[in-house]
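Read off the chains here:
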Amino acid sequence: MTAELRLRAEVARAARAIGAPDGFAPALDRPRDPSHGDWATNAAMALAKPLGKKPQDIAKALLAAMDPAAAGVAESSIAGPGFINFRLDSGHLASGLMAVLEQGAEFGRNSTGSGKPVNVEFVSANPTGPLHVGHGRQAALGDAIASLLAYGGWNVTREFYYNDGGGQIERLRDSVYAHIAGIPLAADQYHGEYVKDVATACVADLAAARGLTAAAVTALVRANWASDSALRDAVRMFAVAALRAEQDADLRAFGVKFDVYYLESSLYTEQRVAETIEALKAAGHAFMEDGALWLRTTDFGDDKDRVMVRSAEKGGEPTYFVPDVAYHVTKWKRGFTRAIDVQGSDHHSTVTRVRAGLQALEMGIPKGYPEYVLHQMVTVMRSGEEVKISKRAGSYVTVRDLIDEVGRDAVRYFFIMRKGESQLVFDVDLARSQSEDNPVYYIQMAHARLSGIFRVGNIDPATITGAGVAWDTLSQPEERELVKALLDWPSLVAGATEALEPHRVANWLLETARTVHLWYHKHHVLDEPPEIMTARLALAKASRIVLANALGVLGISAPERM
RNA sequence: GCGCCCAUAGCUCAAUUGGAUAGAGCAUUUGCCUUCGGAGCAAAGGGUUGGGGGUUCAAGUCCCUCUGGGCGCACCA
């Protein structure tokens, strides 16, 4: 049992002894100011109403009823409006490190998810160009959320949804055609350098497939484009395949792996769009107006109704939101009782719509399904100026540009360090700097320094088991703070998982790295008396383990040396 | 005009999800220090948490309102 649980149990027992109602669960928190103590409880304030007494009096009675020894409490005090502060005995506190040393890479994991399936959909870029910074933020955020959930015992599926249908794919196809035919691009077509590369590769591919020269293919495309739909399809499919391969390469460079790639086009070929339309009609929430088929999404909280199938003069095709609904139906039917979509906040209007569509089907899908994690835009800064232009993509900066320039670890950290709903400034100069101003460098440095202790001392970390350590020797303020930070990891990561907020892990890492550096600067490990050295080696190893675990969740490496 | 999000030190951001005197880093000022181990360490100044109102033992956090910013409001995706 951890010191925290022991203390909580003892407070609860004492509370009952002085008349707290059944089921009363006192809250234990870290005081903001460590000088107040290691833990604080608001029990006295929470009991003020049910017991009809002043918080101060309840606090006194509560303390009198407690057995400090049973809870490992060295001293306690009543403060402010009725907080009770506890300072744990150093030995009790530090002995919590045994759990870290015993569990190693497992320390911090929990089983909240109990193996239940969850689908995390992210990136989901249209295959019309390289991944840009926004996708990068989404990749880092989505991957970290997925890792957090896996860490919390969920059975996670990472999914990428390809919008390989619709108007933008035709624009891509026609952009490639324009390059092949040598005609100027229209304003709404794709202007990046990469389109030219795709066009060149496409000509070579067609030439090989048809046994023609490149010049002959060019002439053929130019002559038959309007009349030959098979040719147009061939160009479209080549372009989509080429850009999917391109995006895959970007994601590999970023170290993100997906379990499922779901193609929007398959929703049409497998009749799922048609089935969804029929089901919505059957459920009675559809109506005809102006020649189009509408869904009454206003019945489910939308501010206006939405067209499902366009009128004949507009082409008679389903609008994009129908496949979106059909897609989420497949998630539900595939057994994902929980689904999380990570998207840019510019897509926030789809949230209500998709949920409305799912509700309108009346098939027992919960109202809040799917959950959404939205994130704001990214601004890339270099030398104090906003960067907007990439050589490859033209009008935007690509993920690859960033990874090439500052490395995968820094890109991941910078994308995760801010709350999703706040705007993010990506400072390229800071991200690439090899100094302690750079948070990634600072955190990794902490891990490397801890590793260095073992290297320099020529000590195999595997021999440090915590057995026989005199834990009460870890009584320096910096040591106590470090121990507390490490032991907070499980509850911190659990909170970050519940809130789907990986930035908490990033912030915690930075704080904890600072605590490590402070300790490291103030206290030596090697060449100390054996009892102190043994205890500090245990602390160093535990710190190394927890830092590595946290970095691992964010997909960032924990280097042995830098 | 409507909807969603945001607003915290000069700058970039935290704040244990409603807890105590709102904290870090950078920048500024001052003083130490010279490596198991790579310029660090210690301290100071800097705030009406955008304005106003409300809810309660307690509000940066919840509610209302105003201001300012981002995004979205297609028979585009």
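Analysis parameters
Residues numbered from 1 in each chain as written. Chains lettered and ligands numbered in written order. Predicted model: local features only at pLDDT ≥ 70, side-chain atom pairs only at ≥ 80, totals over all residues. Heavy atoms only, no water. Domains from an automatic or database assignment. Near = heavy atom within 4 Å. Polar contact = N/O pair within 3.5 Å; in protein donor to acceptor, adjacent residues only side chain to side chain. Helix = DSSP H or I, 4+ residues; strand = E, 2+ residues; numbered from the N terminus. Pairing = 2+ DSSP bridges. Axes fitted to C-alpha atoms, helices over the stretch in contact; angles between N-to-C directions. Parallel < 35°, antiparallel > 145°, perpendicular 65-115°, else oblique. Left-handed = near helix turned anticlockwise from the far one by under 90°. Contact = heavy atoms within 4.5 Å. Nonpolar A, V, L, I, M, F, W, Y, C, P; charged D, E, K, R; others polar. Salt bridge = Lys/Arg side-chain N within 4 Å of Asp/Glu carboxyl O. Buried < 20%, exposed > 50% of the residue type's maximum accessible area, 1.4 Å probe, protein only. pLDDT = per-residue confidence, 0-100. Phe/Tyr/Trp six-rings, centres within 6.5 Å; stacked < 30°, edge-to-face > 60°. Lys NZ or Arg CZ within 6 Å of the ring centre and 35° of its normal.

Student: Summarise the domain arrangement of chain A; cite the residues concerned and give the values.
Tutor: By the assigned domains, chain A splits into domain 1 (3-88), domain 2 (167-254), domain 3 (270-375), domain 4 (378-432) and domain 5 (436-554). Using C-alpha coordinates to define each centre, domain 1 is positioned 51 Å away from domain 3.

Student: Lay out the protein's contact with RNA strand B in plain terms, naming residues and giving numbers.
Tutor: Taken together, 53 residues lie around RNA strand B, and Arg310, Val456, Arg504, Arg514 and Tyr520 are the ones closest in. When the atoms of RNA strand B within 4 Å of the protein are sorted by group, sugar and phosphate make up 55%. Here a phosphate oxygen of RNA strand B sits 2.3 Å away from a polar atom, N or O, in the side chain of Arg310. Note that a phosphate oxygen of RNA strand B is positioned 3.4 Å from one of the backbone N or O atoms of Lys419. Counting residues per element, the ones that place at least two in the surface near RNA strand B are α2 (43-51), β4 (83-88), α8 (167-181), α15 (348-360), α19 (439-457) and α21 (503-522). Sort the elements by how many residues they give to the surface near RNA strand B and α21 lands first, with seven residues.

Student: Just give me the short version of the sheet that holds strand β6 (residues 155-162), but keep the residues and values in it.
Tutor: Ordered in space as β7-β6-β5-β11-β12, the five strands form an open sheet in which the pairing is parallel. Every other strand in the sheet has two partners, leaving β7 (260-263) and β12 (371-375) as the edge strands with one partner each. Strand-to-strand twist of the sheet, defined as the mean angle between neighbouring strand axes without regard to direction, takes the value 25°. As paired strands, strand β5 (residues 117-121) and strand β11 (residues 338-344) are joined by four bridges and run parallel to one another.

Student: If you had to explain the packing of helix α7 (residues 133-151) against helix α20 (residues 477-499) to someone new, which residues and values would you point to?
Tutor: Packing of α7 against α20 leaves a shortest axis separation of 9 Å and a crossing angle of 125°. It follows from the interaxial angle that α7 and α20 lie oblique. Every pair of crossing elements has a handedness; the one defined by α7 and α20 is left-handed. Residues Leu148, Leu149 and Tyr151 of α7 pack against Trp489, Val493, Ala496 and Thr497 of α20. Looking at side-chain class alone, the contact of α7 with α20 contains six nonpolar, one polar and no charged residues.

Student: Give a detailed account of the pattern of salt bridges, specifying residues and quantitative values.
Tutor: Counted by the stated rule, this structure contains 27 salt bridges. Residue Arg30 is joined to Asp488 by a salt bridge in which the shortest nitrogen-to-oxygen separation is 3.0 Å. Residue Arg30 is found in the loop between β1 (28-29) and β2 (39-41), and its partner Asp488 is found in helix α20; the two are separated by 458 residues along the sequence. Given the relative accessible area of 18%, Asp488 is considered buried. Measuring nitrogen to oxygen at the nearest pair gives 2.9 Å for the salt bridge that ties Arg306 to Asp302. Each member of the pair, Arg306 as well as Asp302, is classed as buried.

Student: How would you sum up the confidence of the model for chain A? Please name residues and give values.
Tutor: Parts of the prediction with low pLDDT should not have their coordinates interpreted in detail. Per-residue confidence for chain A gives a mean pLDDT of 91; residues scoring 70 or more make up 100%. When mean pLDDT is compared element by element in chain A, β5 scores highest at 97, while strand β14 (residues 385-387) scores lowest at 79.

Student: Would you mind going over the packing of aromatic side chains in detail, with residue names and values included?
Tutor: Counted under the stated rule, the structure contains 16 aromatic pairs. The interplanar angle of 80° and the centroid separation of 5.2 Å between the aromatic rings of Phe160 and Phe258 together place this pair among those described as edge-to-face. Taken together, the positions of Phe160 in strand β6 and Phe258 in the loop between α11 (229-254) and β7 put the pair 98 residues apart, joining distant regions of the chain. You can call Phe258 buried: its relative accessible area is 10%. Linked through ring pairs, Phe122, Phe160, Tyr162, Phe258 and Tyr261 together constitute an aromatic cluster. When the ring centre of Trp154 is taken as reference, the NZ or CZ atom of Lys116 above it lies at 5.2 Å. One Lys or Arg, Arg338, reaches over the ring of Trp154 and ends 4.7 Å from the middle of that ring.

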